[in-house]
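Structural features, examined
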Amino acid sequence: KALELDPSSDAAKRSLAEMKRATGKPEDAAVLYQELLEKDADNIPARTGLVLSFFDMGKRTDAETELTKTLETNPNNVILLAGASYWYAAANDNAKAVELAEKAIALEPRYVWSHIALARGQAGQGKLVDAERTLIKARQYGNFPTLEYEIASARLTLGLYREAAEE
C-alpha cells in the first residue's frame with residue numbers, strides 16, 4: 001500500500017522486497033531489489049537482499065558470484081555474512097556456514113543471528129558441545145524466543161533432556 005501511495009519511495013520498495021523474501025517469494029523480491037540497484041548500484045541493503053534472494057531461489061551459482069562481488073566491495077556486511085551462513089547451514093555446507101559466521105561474529109559479535117548460524121554449522125559438523133557453547137555465548141547479546149529454542153534444541157541433541165525442557 002505504501003508503494004502504491006508513493007511509487008518513488010525506495011524505502012517502501014525495499015520493505016516490500018524484504019516482506020516478499022520473508023514470505024517465500026524470492027523471485028518477486030529479486031525483481032524489486034534489482035529495480036533498486038538500477039537506481040543506485042551501491043545500495044547495500046538491496047544488494048544484500050538480492051544475494052539472499054538468489055540463495056532462496058536455489059540459484060547457488062548466481063548467489064555465490066554476487067556474494068563474492070558484494071563482499072569484495074563491502075567486506076564488513078555482517079547481515080550478508082550471517083544470512084549466507086545460515087543458508088549454507090541449511091544446505092548442509094557446514095564448513096562454509098562456520099567460515100562465514102565466524103567472519104560475521106568477528107566484525108559484530110552483538111548480532112545474535114551470526115551466532116545461531118555458527119551453531120547450526122557446528123552442529124552439522126557434529127560439534128554439538130561447541131554449538132551449545134556458541135548459543136550460550138550469544139545470550140549475552142540478546143535473549144529472545146528463537147535463541148531459547150536453539151539452546152533447547154542443542155541441549156536436546158546432546159541428551160540433556162531436563163536442561164532442554166527447562167529452556
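Structural notes, computed from the coordinates. (Residues numbered from 1 in each chain as written. Predicted model: local features only at pLDDT ≥ 70, side-chain atom pairs only at ≥ 80, totals over all residues. Heavy atoms only, no water.)

1. Thoughts on the pattern of salt bridges
A full pass over the atoms with the stated rule returns 16 salt bridges. One salt bridge connects Glu99 with Lys96, and the closest N-O pair in it is separated by 3.9 Å. Within this pair, Glu99 and its partner Lys96 are both found in helix 7 (residues 94–107), separated by three residues, close to a single helical turn. Owing to a relative accessible area of 34%, Glu99 belongs among the partly exposed residues under this scheme. When its relative accessible area of 26% is taken as the criterion, Lys96 is described as partly exposed. Connected via shared salt-bridge partners are Glu132, Arg139, Arg155 and Glu167. (Salt bridge = Lys/Arg side-chain N within 4 Å of Asp/Glu carboxyl O. Helix = DSSP H or I, 4+ residues; strand = E, 2+ residues; numbered from the N terminus. Buried < 20%, exposed > 50% of the residue type's maximum accessible area, 1.4 Å probe, protein only.)

2. Here's the deal with the side chain of Arg155
Looking at the element boundaries, Arg155 is found in helix 10 (residues 145–157). Accessibility expressed as a relative area gives 14% for Arg155, which makes it buried. Separated by 3.2 Å, the side chains of Arg155 and Glu167 make a polar contact. Those residues in contact with Arg155, other than ones at most four positions away along the chain, are Glu132, Ile136, Leu160, Glu163, Ala164 and Glu167. (Polar contact = N/O pair within 3.5 Å; in protein donor to acceptor, adjacent residues only side chain to side chain. Contact = heavy atoms within 4.5 Å.)

3. Here's the deal with helix 7
Compared with an ideal rise of 1.5 Å per residue, which puts 14 residues at 20 Å, helix 7 spans 20 Å between its outermost C-alpha atoms and is within 8% of the ideal. Restricting attention to buried positions, one finds in helix 7 the residues Asn94, Ala97, Val98, Leu100, Ala101, Ala104 and Ile105. Buried-residue contacts for helix 7 involve helix 5 (60–73), helix 6 (78–90) and helix 8 (112–124). (Expected span 1.5 Å × (residues − 1).)

4. Some details on the packing of aromatic side chains
All chains considered together, the criterion is met by four aromatic pairs. Note on Phe55 and Tyr88: the rings are 5.4 Å apart at their centroids and 70 degrees apart in plane angle, and the pair reads as edge-to-face. A residue pair is termed long-range when its members are at least 10 positions apart, and Phe55 in helix 4 (residues 44–57) and Tyr88 in helix 6 qualify at 33 residues. Each member of the pair, Phe55 as well as Tyr88, is classed as buried. Both rings, one in Trp113 and one in Phe144, keep their centres 5.6 Å apart while their planes meet at 40 degrees; by these two values the pair is tilted. A residue pair is termed long-range when its members are at least 10 positions apart, and Trp113 in helix 8 and Phe144 in the loop between helix 9 (128–138) and helix 10 qualify at 31 residues. On the basis of relative accessibility, which here comes to 35%, the residue Trp113 falls in the partly exposed class. Three or more aromatic residues link up through ring pairs in this structure, and these residues are Phe55, Trp87 and Tyr88. (Phe/Tyr/Trp six-rings, centres within 6.5 Å; stacked < 30°, edge-to-face > 60°.)

5. Digging into the nonpolar core
Grouped together as the largest cluster of nonpolar side chains are 27 residues, with contacts concentrated most on Phe55, Leu67 and Tyr88. Counting residues per element, the ones that place at least two in this core are helix 3 (26–39), helix 4, helix 5, helix 6 and helix 7. Discounting chain neighbours no more than four positions away, the residues touching Leu67 are Val51, Phe55, Leu80, Ala84, Tyr88 and Leu100. Listed in part, the nine residues of the second largest apolar core include Val112, Ile116, Leu135 and Ala138. (Core = buried A, V, L, I, M, F, W, Y, C linked by side-chain atoms within 4.5 Å.)

6. Focus on the environment of Glu148
Take Glu148: it is sitting in helix 10. For the pair Glu148 and Thr65, spaced 83 residues apart in the sequence, the C-alpha separation amounts to 34 Å. When neighbours within four sequence positions are excluded, Glu148 is seen to be in contact with Asn143 and Glu167.

7. Observations concerning the packing of helix 4 against helix 6
In contact at an axis separation of 10 Å, helix 4 and helix 6 are set at 5 degrees when each is read in the N-to-C sense. It follows that helix 4 is roughly parallel to helix 6 by the angle criterion. Here Thr48, Val51, Leu52, Phe55 and Asp56 of helix 4 lie close against helix 6, whose contacting residues are Ile79, Leu80, Gly83, Ala84, Trp87 and Tyr88. Residue classes in the contact of helix 4 with helix 6 are distributed as eight nonpolar, two polar and one charged. (Axes fitted to C-alpha atoms, helices over the stretch in contact; angles between N-to-C directions. Parallel < 35°, antiparallel > 145°, perpendicular 65-115°, else oblique. Nonpolar A, V, L, I, M, F, W, Y, C, P; charged D, E, K, R; others polar.)

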